[in-house]
Amino acid sequence: MLRHRLALLRSFLPLDVPLPIVFLMVPIELVSYLLKIATLAIRLFANMTSGHILLLIVSSFLTTALLAGLSLSSTLLASFLFALVLLLMMLELMVALIQALVFTLLFG
């Protein structure tokens, strides 16, 4: 809003709109602009939260497998879970980069 000022307000009303529709069109466009910000925030929060919860669950399984003892099955399970945690961390990083790209494109 600081950069575009009046040009932003002009974007709420497309060209060649009949006068009776103007009073209906501007509030609808304004509400959609404000809701876009809210939906992006909710989407970012959901993506971050779901990734963190998944990492927490798999990490707790890893801790349980490590505390179970030194049997071959618990060692194999712990190795698998450790690799899974590393893969999930890389996935989280990629999701964060994609989210940053989406936010940059939509607000740029």
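Residues numbered from 1 in each chain as written. Predicted model: local features only at pLDDT ≥ 70, side-chain atom pairs only at ≥ 80, totals over all residues. Heavy atoms only, no water.

## Some words on the overall build of the protein chain
Scanning the protein chain from N- to C-terminus turns up three helices and zero strands. In summary, the protein chain has a C-alpha radius of gyration of 24 Å against a globular reference of 13 Å for 108 residues, an excess of more than 25%. The buried share among the 108 residues of the protein chain stands at 15%. Here the analysis covers contacts within the protein chain between residues at least 6 apart in sequence; of these, 56% occur between residues at least 24 apart. For the protein chain, the exposed area adds up to about 8,500 Å²; of that, 81% sits on carbon and sulfur atoms. (Helix = DSSP H or I, 4+ residues; strand = E, 2+ residues; numbered from the N terminus. Rg over C-alpha atoms; globule rule 2.2 N^0.38 Å. Buried < 20%, exposed > 50% of the residue type's maximum accessible area, 1.4 Å probe, protein only. Contact = heavy atoms within 4.5 Å. Areas by Shrake-Rupley, 256 points an atom, 1.4 Å probe, with all protein chains shown as cover.)

## Structural notes on helix 3 (residues 72–107)
Here helix 3 contains 36 residues, and its C-alpha end-to-end distance of 52 Å stays within 8% of the 52 Å for a straight helix at 1.5 Å per residue. For helix 3, the complete set of buried residues consists of Ser74, Ala78, Leu81, Val85, Leu88, Glu92 and Gln99. For helix 3, the secondary structure elements touched by its buried residues are helix 2 (19–67). (Expected span 1.5 Å × (residues − 1).)

## Let's talk about the packing of helix 2 against helix 3
For the pair helix 2 and helix 3, interaxial distance at closest approach is 9 Å and the crossing angle is 170 degrees. Considered as vectors, helix 2 and helix 3 are oriented roughly antiparallel to each other. (Axes fitted to C-alpha atoms, helices over the stretch in contact; angles between N-to-C directions. Parallel < 35°, antiparallel > 145°, perpendicular 65-115°, else oblique.)

## A closer look at helix 2
Relative to the 72 Å expected for 49 residues at 1.5 Å per residue, helix 2 spans 72 Å between its end C-alpha atoms, a close match to the ideal helical length. Of all the bends in helix 2, the greatest reaches close to 30 degrees and is centred on methionine 25; the proline proline 27 follows between one and four positions later. Residues Val22, Leu40, Gly51, Leu55, Val58, Leu62 and Ala65 constitute the buried set of helix 2. Positive backbone phi, at 135 degrees, marks glycine 69, one or two positions downstream of helix 2. (Bend = angle between axes of the 7 residues up to and from the residue.)

## Quick word on the nonpolar core
With eight residues, the main nonpolar core is built from Leu55, Val58, Leu62, Ala65, Ala78, Leu81, Val85 and Leu88. The residues contacting valine 58, other than those within four sequence positions of it, are Leu81, Leu84, Val85 and Leu88. (Core = buried A, V, L, I, M, F, W, Y, C linked by side-chain atoms within 4.5 Å.)

## A look at a nonpolar patch on the surface
The grouping of Leu30, Leu34, Ile37, Leu106 and Phe107 at the surface amounts to a nonpolar patch, some 410 Å² of accessible area in total. When contributions to the nonpolar patch are tallied by element, the ones reaching two or more residues are helix 2 and helix 3. For the nonpolar patch, the leading source of residues is helix 2, giving three residues. In this structure, phenylalanine 107 sits in helix 3. (Patch = residues over 30% accessible without salt bridge, like charges linked within 9 Å, V, L, I, M, F, W, Y side chains within 5 Å. Salt bridge = Lys/Arg side-chain N within 4 Å of Asp/Glu carboxyl O.)

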